[in-house]
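Spelled out from the first residue to the last, the chains are:
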Amino acid sequence: MSDINEYTVQGMTCSSCATKVSAAVTQVPGVIATDVDLATGTLKVTGPDVEDTAVRTAITNAGYQIS
Ligand SMILES: [Cu+2]
């Protein structure tokens, strides 16, 4: 995988949601940084060796869906 991956997350409506998703994804091994754009629902995940499945699981476990 490349160093930066983007996900479109559904259901993030406020900065509290963004913080929750970021915190969950930050726990995934290899993640260096996360960046959420609330307006578009875009989550950017930075890290050289991050497992896609682990990121998706973290997002859904936090209560959000990936489109
Ligand atoms: Cu919220």
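Calculation notes
Residues numbered from 1 in each chain as written. Predicted model: local features only at pLDDT ≥ 70, side-chain atom pairs only at ≥ 80, totals over all residues. Heavy atoms only, no water. Buried < 20%, exposed > 50% of the residue type's maximum accessible area, 1.4 Å probe, protein only. Helix = DSSP H or I, 4+ residues; strand = E, 2+ residues; numbered from the N terminus. Arc of directions from axis to C-beta. Contact = heavy atoms within 4.5 Å. Expected span 1.5 Å × (residues − 1). Salt bridge = Lys/Arg side-chain N within 4 Å of Asp/Glu carboxyl O. Donors = N, O, S within 2.8 Å, 3.2 Å for Na, K, Ca; no water.

Colleague: Looking at this structure, I do not really get helix α2 (residues 52-61). What am I missing?
Modeller: Residues spaced three or four apart along an α-helix point in a common direction, a consequence of the helix completing one turn every 3.6 residues. Every buried residue of α2 is listed here: Val55, Ala58 and Ile59. When α2 is viewed along its axis, its buried side chains cluster within an angular range of 95 degrees and face the same direction. Away from the buried face of α2 by more than 90 degrees, exposed residues Thr53 and Asn61 are located. Buried residues along α2 sit against β1 (4-10), α1 (15-26), β3 (42-46) and β4 (65-66).

Colleague: Help me understand α1 in this model?
Modeller: Given a rise of 1.5 Å per residue, 12 residues ought to cover 16 Å, and the 16 Å separating the end C-alpha atoms of α1 matches this to within 8%. All of the buried residues in α1 are Cys17, Ala18, Val21, Ser22 and Val25. The arc that holds every buried residue of α1, seen down its axis, measures 130 degrees, which confines them to one face. The elements touched by buried residues of α1 are β2 (33-37), β3 and α2.

Colleague: Teacher, can you tell me more about the pattern of salt bridges here?
Modeller: Side chains bearing opposite charge may pair, as long as their charged atoms lie close to each other. Tallying each qualifying case throughout the model produces one salt bridge. Put simply, Arg56 and Asp52 hold a salt bridge, and the shortest N to O gap is 2.9 Å. Taken together, the positions of Arg56 and Asp52, both in helix α2 and four residues apart, correspond to about one turn of that helix. In this structure Asp52 comes out as partly exposed when scored by relative accessible area, which is 26%.

Colleague: Mind showing me how you'd approach the coordination of the copper ion here?
Modeller: Only Cys14 (SG) and Cys17 (SG) from the protein reach the copper ion as donors, at distances of 2.1 Å. Taking the relative accessible area as the measure of exposure, Cys14 reaches 32% and is therefore partly exposed. Among the residues examined, Cys17 registers a relative accessible area of 10% and is labelled buried.

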